[in-house]
Protein chains: 4
Amino acid sequence: MQAIGCKRWAIAEGYIPSQSVSTERALVSHETACILNAGDHEANITLTVFYADREPVIYRLTVKARRTLHLRFNDLEDPAPVPLDTDFSSVFESDVPIVVQHTRLDSRRAEISLLSTTAYAEC
Amino acid sequence: MQAIGCKRWAIAEGYIPSQSVSTERALVSHETACILNAGDHEANITLTVFYADREPVIYRLTVKARRTLHLRFNDLEDPAPVPLDTDFSSVFESDVPIVVQHTRLDSRRAEISLLSTTAYAEC
Amino acid sequence: MQAIGCKRWAIAEGYIPSQSVSTERALVSHETACILNAGDHEANITLTVFYADREPVIYRLTVKARRTLHLRFNDLEDPAPVPLDTDFSSVFESDVPIVVQHTRLDSRRAEISLLSTTAYAEC
Amino acid sequence: MQAIGCKRWAIAEGYIPSQSVSTERALVSHETACILNAGDHEANITLTVFYADREPVIYRLTVKARRTLHLRFNDLEDPAPVPLDTDFSSVFESDVPIVVQHTRLDSRRAEISLLSTTAYAEC
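Keep in mind the model is a prediction, meaning the values are calculated, not measured.

(A) Local environment of the nonpolar core. Of all hydrophobic cores here, the largest spans 35 residues; its most connected members are W9, L47, F92 and V100 of chain A. Those elements giving two or more residues to this core turn out to be β1 (6–11), β2 (30–37), β3 (43–51), β4 (57–63) and β6 (88–106) of chain A. Once residues within four sequence positions are removed from consideration, V100 of chain A is found in contact with W9, I11, A33, C34, I35, F92, T118 and A119 of chain A together with A12 of chain B.

(B) Fine view of the interface of chain B and chain A. Taken together, the 38 residues of chain B in the interface contact 34 residues of chain A. Of the roughly 2,700 Å² buried between chain B and chain A, counting both surfaces, carbon and sulfur atoms make up 57%. Joining chain B to chain A, the criterion identifies two salt bridges. The interface formed by chain B and chain A contains 22 residue pairs in polar contact (both at pLDDT 80 or more). Within the residue set of the side of chain B that touches chain A, elements represented by two or more residues are β1 (6–11), β3 (43–51), β6 (88–106), β7 (113–118) and β8 (120–122) of chain B. In terms of residue count, the dominant contributor to the side of chain B that touches chain A is β6 of chain B (eight residues). When grouped by side-chain class, the residues that make up the side of chain B that touches chain A number 16 nonpolar, nine polar and 13 charged.

(C) Representation of the interface of chain A and chain D. Counting residues at the interface gives 38 residues for chain A, matched by 34 residues for chain D. For the chain A and chain D pair, buried surface summed over both sides reaches about 2,700 Å², with 57% attributable to carbon and sulfur atoms. Taken as a group, A12, R109 and Y120 of chain A account for 23% of the area that chain A buries against chain D, more than any other trio of residues on that side. Linking chain A to chain D there are two salt bridges. With its nearest N and O atoms 3.1 Å apart, the salt bridge here joins E55 of chain A to R66 of chain D. Listed by contribution, the elements that provide at least two residues to the side of chain A that touches chain D are β1, β3, β6, β7 (113–118) and β8 (120–122) of chain A.

(D) Region of the structure containing the packing of aromatic side chains. What the rule picks out here adds up to 16 aromatic pairs over all chains. On the numbers, 6.5 Å between centres and 55 degrees between planes, the contact of Y51 of chain C with F88 of chain C is tilted. One end of the pair, Y51 of chain C, is in strand β3 (residues 43–51); the other, F88 of chain C, is in strand β6 (residues 88–106), with 37 residues separating them in the sequence. For the residue pair Y51 of chain C and F88 of chain C, the accessibility class agrees, reading buried in each case. Taking the centre distance of 5.2 Å and the plane angle of 55 degrees together, the rings of F73 of chain D and F88 of chain D count as tilted. Note that F73 of chain D is positioned in the loop between β5 (67–72) and β6 (88–106) and F88 of chain D in strand β6, a separation of 15 residues in sequence. Assessed through its relative accessible area of 1%, F88 of chain D is described here as buried. One cation-aromatic arrangement involves R54 of chain A over Y51 of chain A; the distance from NZ or CZ to the ring centre is 4.7 Å.

(E) Spotlight on the pattern of salt bridges. All told, the structure shown has 40 salt bridges over all chains when counted by the stated rule. Here R67 of chain D and E55 of chain A are joined by a salt bridge, their closest N and O atoms 3.0 Å apart. Placement of R67 of chain D in strand β5 and of E55 of chain A in the loop between β3 and β4 is noted, with the two residues assigned to different chains. Judged by relative accessible area, E55 of chain A falls into the partly exposed class, the value being 42%. Of the charged contacts, one joins R25 of chain D and D75 of chain D as a salt bridge, the two residues approaching to 3.0 Å between their closest N and O atoms. Within this pair, whereas R25 of chain D is found in the loop between β1 (6–11) and β2 (30–37), its partner D75 of chain D is found in the loop between β5 and β6, the two being separated by 50 residues in sequence. Overall, the relative accessible area of 40% leaves D75 of chain D in the partly exposed class. What you see here is one network of salt bridges that share partners, running through D40, R66 and R67 of chain A together with E55 of chain B.

(F) Representation of the state of the cysteines in the model. All names here are of chain A. Counting across every chain of the model gives four disulfides over all chains. Between the sulfur of C6 and that of C123 lies a disulfide, 1.7 Å long from S to S. Between C6 and C123 the disulfide shows an S-S torsion of about -60 degrees. By sign, it is left-handed. Note that C6 is positioned in strand β1 and C123 in the segment after β8, a separation of 117 residues in sequence. For C123, a relative accessible area of 77% gives the class exposed.

(G) Inspection of the relation of the copies chain A and chain D at higher detail. Of the transformation placing chain A onto chain D, the axial shift is 0.0 Å and the rotation is 90 degrees, giving an RMSD of 0.0 Å. A rotation of that kind, with that shift, is consistent with a four-fold axis.

(H) Just the pairing of β3 of chain C, in detail. All names here are of chain C. Buried residues dominate β3, accounting for eight of its nine residues. Sheet topology places β3 next to strand β4 (residues 57–63); seven bridges connect them, and they run antiparallel. The residue of β4 that forms the bridge with L47 is Y59. Here β3 folds back onto β4 in antiparallel fashion, the turn holding five residues.

(I) Looking closely at the environment of K7 of chain D. Residue and element names in this part refer to chain D. Structurally, the position occupied by K7 is in strand β1. On the basis of relative accessible area, K7 is assigned to the partly exposed category, the value being 42%. Considering only alpha carbons, one finds K7 and E55, 48 residues apart in sequence, at a separation of 23 Å. Apart from residues lying up to four places away in sequence, K7 is in contact with F92, E93, S94, D95, V96, P97 and E122.

Cut-off values and rules
Residues numbered from 1 in each chain as written. Chains lettered and ligands numbered in written order. Predicted model: local features only at pLDDT ≥ 70, side-chain atom pairs only at ≥ 80, totals over all residues. Heavy atoms only, no water. Core = buried A, V, L, I, M, F, W, Y, C linked by side-chain atoms within 4.5 Å. Buried < 20%, exposed > 50% of the residue type's maximum accessible area, 1.4 Å probe, protein only. Helix = DSSP H or I, 4+ residues; strand = E, 2+ residues; numbered from the N terminus. Contact = heavy atoms within 4.5 Å. Buried area = accessible area lost by both parts, 1.4 Å probe. Salt bridge = Lys/Arg side-chain N within 4 Å of Asp/Glu carboxyl O. Polar contact = N/O pair within 3.5 Å; in protein donor to acceptor, adjacent residues only side chain to side chain. Nonpolar A, V, L, I, M, F, W, Y, C, P; charged D, E, K, R; others polar. Phe/Tyr/Trp six-rings, centres within 6.5 Å; stacked < 30°, edge-to-face > 60°. Lys NZ or Arg CZ within 6 Å of the ring centre and 35° of its normal. Disulfide = S-S within 2.5 Å. Least-squares fit on C-alpha atoms with pLDDT ≥ 70 in both. Pairing = 2+ DSSP bridges.

Right, here's the structure in full:
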């Protein structure tokens, strides 16, 4: 398939609640960036996480050709985990077009709550 | 009405929970692509579903002129159903302009939770 | 303020649940189009509601200069109310730039659930 | 990093519920504009809040270079707080590119509910 998307994306909202009523991976509170690489070339992505009161932190990731990656910010480790209960934003810069959507599952209370939005794209 | 929308749309997020507290169709956990074809010509659409670790799968659908279709990914059957509890993304390619919005109703717990976003458009 | 927005907007998702646990207006299940008219001229808007299996229905509304209107689809009456528990889509066509955002409050269960997205804009 | 975003943003939806089941700051019902300033210059922002039946109100704020600000409308005070249980819309005008995302946490009931969307951008 012809690639679809843009090379720069931003998610202004970001927050991982430290509380979860469940320890099941699917139901632990998580913040996700869903990344679609519909084209025929691997996507090499630089992810920059911005904070309210400290310098940004940079991560590297790849998404294979014709694959999706539902990246949990909770799972980032190198160079450092994203702190919980902390406001952040993120920018994705890819060498090929991708599509990015932001989703949070919040299970601080007995019932889960969801939010999602297509991120801001710059082509 | 003059047609509105674009011919290529992407939804980077996709996930159908296998659990539901209700068996009533309106309240079963579902993942939906709402497709508006406001123009005067039928829309012939190719839907490609992308996964994290296998090749994409292609579906065909049509939306009549001046009609909306709220397509549940749960209902796709040919060539194969979309697996539950599995991350996916989707791309819609139409021969006329359409508008696509992504909605999930999650009823894994006693209360329902909703998310929705206008999909990413490429005109 | 200089006007902001576009003259054509589409919301592909639409559904008013017939059930509500509350009769308080703020908590009755409702489907809303929030319309901002930031400019200095009144907005005259044609709203077309599309269905899955019948012809579209047209409504007229106005939003005053420098005002917002949070329009509940539940409140539309002329020429006919929007049926409950029924899939629909909507298109807004204005004579001046406006901004449209779609929000649903669902109170079918004991707890409320929310969704929202900026609508699809065509300038 | 090269700046990302636009200088004018609009959020057509706005509503701060007066009720909350919790007095914990993270769980009090709140309406938020998440603002990312990824570039190397401070963002000076004029925020205009629009109402259904009165004139707009103007606020000033700044977001430092390479920082995010998760602004709660609940916290605005000068020249006046945003009234609760009242429909509003907002427009952000910045002197440098920013990205704006709208999020509400609603805790009127025992369980929280979330909505979020990338705001409408005008570059």
